[in-house]
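Survey of secondary and tertiary structure
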Amino acid sequence: SRIIAMSPHAGETEQFASTELARYLRRITGQPWRIVRSGTAAGGIQLKVRRRTKRPRIPVREEDEAYTIDVNNDRVALSGGSPRAVLFAVYAFLEDLGCRWFSPRLACYRGVGHEFVPRRKSLAPPMGRRVVRPSMLYRDWLIEECRSQSIPDASAMIDWMAKVRANVFFAPIDYQHSGRFTWENIRASIIPEISKRGLILTVGGCLLYTSPSPRDRGWA
């Protein structure tokens, strides 16, 4: 059945993950997918956060970033150690179906070439259970000098970085005091895009150090 089930307690990022999954599945199959708040999804797709906590987003732990794709004859279960990891599981599952995210959807591309979405009569994802853990806990995207930057392009970068499972967006306050693209002028537009994806925001002049996880199992 074309049902996507999320927890009755799903927050902003899980709701966004469900919406993204429904949107791309409709493009793939040509059929609408219904989103419900339910503990189960017999014959459908279940999204689930494995552990709900109120701990700060940083420091990041390996279990925060790990996600699982479990496909059997009855249902598909996409779960993660955090809402952000559930969103990553959604994008990884869509890649299993043939989707590809080549680049941010920048204005200069005029809506062409940034991604590939296949058309299929049935989904037929790979069967089995796969657990994915990051080899690096912090995977950031830096917008830096921004000579030709715009708010739409920065939003497109945030959208893309979640699809390729980067988790930290870094923006300078005012790079080299140029006044071209200051944080104060973009924050109202950028913060909601970061928040609904559950990403980490870094603003200023220092980067978070990239930290390897205890078990380097590759990043997919």
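Residues numbered from 1 in each chain as written. Predicted model: local features only at pLDDT ≥ 70, side-chain atom pairs only at ≥ 80, totals over all residues. Heavy atoms only, no water.

Remarks on the nonpolar core
Of all hydrophobic cores here, the largest spans 50 residues; its most connected members are Leu-21, Leu-25, Ile-45, Leu-47, Leu-78, Phe-93 and Leu-94. Counting residues per element, the ones that place at least two in this core are helix H1 (12-29), strand S3 (45-49), strand S4 (67-71), strand S5 (76-80), helix H3 (83-96), helix H4 (151-163), strand S10 (168-171) and helix H5 (183-196). Ranked by the residues each element gives to this core, the list is headed by H3, at 10 residues. Ignoring any residue separated from it by four or fewer positions in sequence, one finds Phe-93 in contact with Leu-21, Ile-45, Ile-69, Val-71, Val-76, Leu-78 and Pro-125. (Core = buried A, V, L, I, M, F, W, Y, C linked by side-chain atoms within 4.5 Å. Buried < 20%, exposed > 50% of the residue type's maximum accessible area, 1.4 Å probe, protein only. Helix = DSSP H or I, 4+ residues; strand = E, 2+ residues; numbered from the N terminus. Contact = heavy atoms within 4.5 Å.)

Describing the pattern of salt bridges
Evaluation of the coordinates by the stated rule reveals 14 salt bridges. A salt bridge links Lys-163 to Glu-115; its shortest N-O distance comes to 3.6 Å. With a gap of 48 residues between them, Lys-163 in helix H4 and Glu-115 in strand S7 (residues 115-116) connect regions that are remote in the sequence. Each member of the pair, Lys-163 together with Glu-115, is buried. (Salt bridge = Lys/Arg side-chain N within 4 Å of Asp/Glu carboxyl O.)

Quick notes on the sheet that holds strand S9 (residues 140-142)
The three strands are arranged S9-S10-S11 in an open sheet whose pairing can be described as parallel. If you trace the sheet from one side to the other, it starts and ends with S9 and strand S11 (200-203), each paired once. Direction aside, the axes of adjacent strands within the sheet are offset by 20° on average. Bridge count for S9 against S10 is three bridges, and the pairing is parallel. Counterpart to Asp-140 in the pairing with S10 is Val-168. Contacts from H5 reach S10 and S11 within the one sheet, and its direction differs from that of S11 by about 170°. (Pairing = 2+ DSSP bridges. Axes fitted to C-alpha atoms, helices over the stretch in contact; angles between N-to-C directions.)

Considerations on a nonpolar patch on the surface
A surface patch of nonpolar side chains, about 290 Å² in accessible area, is lined by Ile-173, Ile-191, Leu-201 and Val-203. Secondary-structure assignment places Ile-191 in helix H5. Assessed through its relative accessible area of 34%, Ile-191 is described here as partly exposed. (Patch = residues over 30% accessible without salt bridge, like charges linked within 9 Å, V, L, I, M, F, W, Y side chains within 5 Å. Areas by Shrake-Rupley, 256 points an atom, 1.4 Å probe, with all protein chains shown as cover.)

As for the sheet that holds strand S8 (residues 128-132)
Strands sit in the order S2-S1-S3-S5-S4-S8 across an open sheet of six strands; the sheet is mixed. At either end of the open sheet lies a strand with only one pairing partner, and these are strand S2 (34-37) and S8. In this sheet, neighbouring strand axes are inclined to one another by 15° on average, regardless of whether the strands run parallel or antiparallel. Two elements, S4 and S8, share five bridges in a ladder whose sense is antiparallel. Along S8, the bridge assignment pairs Tyr-67 with Val-132. Sitting on the sheet, H3 touches S3, S4, S5 and S8, and the angle it makes with S4 is about 45°.

Read these as spatial facts, not as claims about activity.
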